[in-house]
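# An overview of the molecular structure
What follows is the residue order along each chain.
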Amino acid sequence: MNYVKMKFSRLNVVLIFCCSCLLSRYSSAQNVETVYSSNIFTPQLFPYGNQQGLPVYTLNSSDRLELEFDDMDATVKSYYFTYVLCDYNWQPVNLNPFDYIKGFTQNRITTYRYSSVALTRYTHYQAFLPDANSKPTRSGNYLLKVYLDGDTSKLVFTKQMLVMEQKASVSAAVVQPMTPQLFNTHQKIRMSVNTGDINSFSAAQQVKVVVLQNNRWDISQRDIPPTFVRGNVMEYNSDNIAVFPGGKEWRWLDLRSFRLQSDRIDHADYKKTSTDMYVKTDVDRTGQRYLYFPDYDGMFNIVTYESINPFWQGDYATVHFSFAPPANQPYAGRDLYLAGAFTGYKLTDQWKMNFNPETSRYETSAFMKQGYYNYTYISVSRSNPSDRIELEGNYWETENSYSILVYYKSFTDRSDRLIGVGSINSRNDRPGFSF
């Protein structure tokens, strides 16, 4: 009997330690992208032709990134962009821009188009990075700043960008955690990093690893210590590191056509100059059985059925969301937020849902461009903002994409270098149905 008690006591200690490590790593996550101007909508930065890709540019390569955004003032303005080198924690590095930019430090965005076909009037701006006259020369984290009239104080929005020099190789596998309470609900990333000929005299201090689930910086895990170091190979196998909630396949919203309503639309209100789309009421999916179907892992794709180029021919609509809480009662001591890549996963008043006592529903609206979107709902404690629950349920079988970022900083470097990027998906079978 004493042995059994001791065993359960030890198990509880391990579980508490695991949860505390997870919370500490989540709390240090960095999501620094911000939109400062109310007239800017749908800012995107992604690899050429891949709207769901992580914006990574390899030094001295032919890689191209696309920058896209809309200005609802529908006039022509002088927008500029520049790069700001940041450290591993996304804090600006104290270096002169000429130390990490070859060419001009400020670049004007000269490609723009007025919207056509769409009822909503806007000006669409586009740029391909890096520009021929301005290229990053160091690897690492970069904050792309877009501003007006060549004046950096007139900041419009920022986007996170990664510049890599391929020095390290990454291999990884998604496995079930050994902790019994997490075995069926979470996914663990087991990793191995080979730094090659890089001199890693003190690996624990010089090499840092960040793991992203579905390109999300808000729940990134960092400061992950290696379990074993064998020469230039570091193994990350400890039970309490790189463990993520599995979640469930994302809720979807098909806005590729406003005229041909998808199955997620309850009804629409068509006006002469605008459109309102009402999404069918959502519910808490925690108790629902897991079902596999292809999704965008929380991201979105600007695309249309009825136009040639969705970037300047896609229309906008006011989309109304509603959520029915259990027993039609508001969550006690908690707030509800709409979340997805299109919200930037920002838990702000803009994306906070309000409980309507007349309908017994949480409600909010968003001005969204035509496309295909993934989204979720996040419940947040008012007394403890770090207490966040996505109302989906967690399943080990869920399909998720993971990115492993490897940073290196020698004792003489003034910034963290990004020396390797690995990617892995939690499942490769992709069956039609899975329970």
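## Focus on the overall build of the protein
For the protein, the count of helices and strands is three helices and 31 strands. The C-alpha radius of gyration computed for the protein amounts to 23 Å, which stays within 12% of the reference 22 Å derived for 435 residues, consistent with globular compactness. Counting only residues that meet the buried cut, the protein has 52% of its 435 residues in that class. In the protein, of all internal contacts separated by at least 6 residues, the share reaching a separation of at least 24 is 75%. For the protein, the exposed surface amounts to about 20200 Å²; the carbon and sulfur share of it is 51%.

## Quick notes on the sheet that holds strand β8 (residues 123–129)
The four strands lie next to each other as β1-β3-β8-β7, forming an open sheet whose pairing is antiparallel. The outermost strands of the open sheet, each flanked by one partner alone, are β1 (40–47) and β7 (111–114). Along the sheet, successive strands turn relative to each other by an average axial angle of 15°, direction set aside. When strand β3 (residues 65–71) meets β8, the two strands line up antiparallel, connected through seven bridges.

## Section: the sheet that holds strand β31 (residues 417–425)
Spatially, four strands are ordered β15-β14-β30-β31 in an open sheet, and the strand pairing comes out antiparallel. Among the strands making up the open sheet, the edge pair consists of β15 (216–221) and β31. Here the strands of the sheet are splayed against their neighbours by 30° on average, with no regard to which way each runs. Sheet topology places strand β14 (residues 207–213) next to strand β30 (residues 401–408); seven bridges connect them, and they run antiparallel. What sits directly across from Leu212, in β30, is Ser403.

## Notes on the pairing of strand β26 (residues 352–356)
Looking at chain direction, strand β25 (residues 334–339) and β26 are connected through two bridges and run antiparallel. Bridging across to β26, Tyr337 finds its partner in Lys352. Counted along the chain from β26 to the antiparallel partner strand β27 (residues 361–369), the turn is four residues long, and its residue Ser360 has a positive phi close to 55°.

## Remarks on the environment of Arg113
The residue Arg113 is located in strand β7 in this model. Beyond its immediate stretch of four places on either side in the chain, Arg113 contacts Tyr122, Thr123, His124 and Trp312.

## Examining the pairing of β15
Most of β15 sits out of view: six of its six residues are buried. When β14 meets β15, the two strands line up antiparallel, connected through two bridges. Of the residues in β15, the one forming a bridge with Val211 is Gln221. In this structure, the hairpin formed by β14 and β15 is closed by a connection of two residues, where Asn214 is found at a positive phi of approximately 55°.

## Quick look at the pattern of salt bridges
Inspection of every chain in the model, using the stated rule, returns 19 salt bridges. The shortest N-O distance in the salt bridge between Arg251 and Asp282 comes to 3.5 Å. You can see Arg251 sitting in strand β19 (residues 251–254) and its partner Asp282 sitting in strand β22 (residues 282–283), a full 31 residues away along the chain. With a relative accessible area of 5%, Arg251 lands in the buried category.

## Focus: the packing of aromatic side chains
According to the stated counting rule, one finds 30 aromatic pairs in the structure shown. Taking 5.5 Å as the distance between ring centres and 80° as the angle between the ring planes, the aromatic pair formed by Tyr122 and Tyr316 counts as edge-to-face. Highlighted residues: Tyr122 in the loop between β7 and β8 and Tyr316 in strand β24 (residues 316–324), separated in sequence by 194 residues. Each member of the pair, Tyr122 as well as Tyr316, is classed as buried.

## With respect to the confidence of the model for the protein
For the protein, per-residue confidence averages 90 on the pLDDT scale, and 91% of positions sit at 70 or higher. Scored below 50 in pLDDT, residues 1–28 shows 27 contacts in the model against residues more than four places distant or in partner chains.

## Focus on the side chain of Asp254
Counting through the fold element by element, Asp254 comes out in strand β19. Overall, the relative accessible area of 11% leaves Asp254 in the buried class. Side-chain polar atoms of Asp254 contact the side chain of Arg256, separated by 2.7 Å. With sequence-adjacent residues up to four places away left out, Asp254 is seen in contact with Ser262, Tyr305, Gly371 and Tyr372.

## Notes on a nonpolar patch on the surface
Among the surface-exposed residues, Val76, Tyr112 and Tyr114 lie close enough to one another that they form a single nonpolar patch of about 280 Å² accessible area. By the element assignment, Tyr114 lies in strand β7.

## Some details on the nonpolar core
Counting 29 residues, the largest nonpolar core has Leu253, Phe321, Met368 and Tyr377 as the members making the most contacts within it. Secondary structure elements with two or more residues in this core: β20 (265–270), β21 (275–279), α3 (310–313), β24, β25, β27 and β28 (372–381). Looking at this core element by element, the count peaks at four residues for β24. One finds Val93, Tyr125, Tyr142 and Val163 within the second-largest nonpolar core, a separate group that totals 27 residues.

How each quantity is defined
Sequence order sets the numbering: in each chain, residues are counted from 1 along the sequence as written. Reporting of local features is limited, given that this is a predicted model, to residues whose pLDDT is at least 70; pairs of side-chain atoms are given and counted only at 80 or more, and all residues count toward the totals for whole chains, interfaces and linings. Hydrogens and water are ignored here; the side-chain numbers use all heavy atoms of the structure. Comment: elements are numbered from the N terminus, with helices defined as DSSP H or I runs of at least four residues and strands as E runs of at least two. With the radius of gyration taken over C-alpha atoms, the globule rule is written as 2.2 Å times the number of residues to the power 0.38. For each residue, the accessible area found with a 1.4 Å probe, counting protein chains only, is set against the maximum for its type, and the residue is called buried under 20%, exposed over 50%, and partly exposed in between. Contact between two residues is taken to exist if any of their heavy atoms lie within 4.5 Å; hydrogens are not considered. Throughout, the Shrake-Rupley method with a 1.4 Å probe supplies accessible areas, and for residues the shown protein chains are the sole cover considered. Here a strand pair is declared whenever DSSP counts at least two bridges between the two strands. Only the contacting stretch of a helix is used when fitting its axis, a line to C-alpha atoms as for every element, and angles between N-to-C directions run 0 to 180 degrees. We define a salt bridge as a side-chain nitrogen of Lys or Arg found within 4 Å of a carboxyl oxygen belonging to Asp or Glu. Only centres within 6.5 Å qualify two rings of Phe, Tyr or Trp (six-membered ring in Trp) as a pair; their planes then separate them into stacked at under 30 degrees, edge-to-face at over 60, and tilted for everything else. A residue's pLDDT is the confidence the predictor assigns to it, expressed on a 0 to 100 scale. Distance and chemistry together define a polar contact, namely a pair of N or O atoms within 3.5 Å, with one atom able to donate a hydrogen and the other to accept it when in protein, and with adjacent residues in sequence counting only for side-chain atoms on both sides. Exposure above 30% relative accessible area and no salt bridge define the residues that can form patches, which grow by joining like charges within 9 Å and nonpolar side chains of Val, Leu, Ile, Met, Phe, Trp and Tyr within 5 Å. What is meant by a nonpolar core is a set of buried Ala, Val, Leu, Ile, Met, Phe, Trp, Tyr and Cys residues, joined one to another through side-chain atoms within 4.5 Å.

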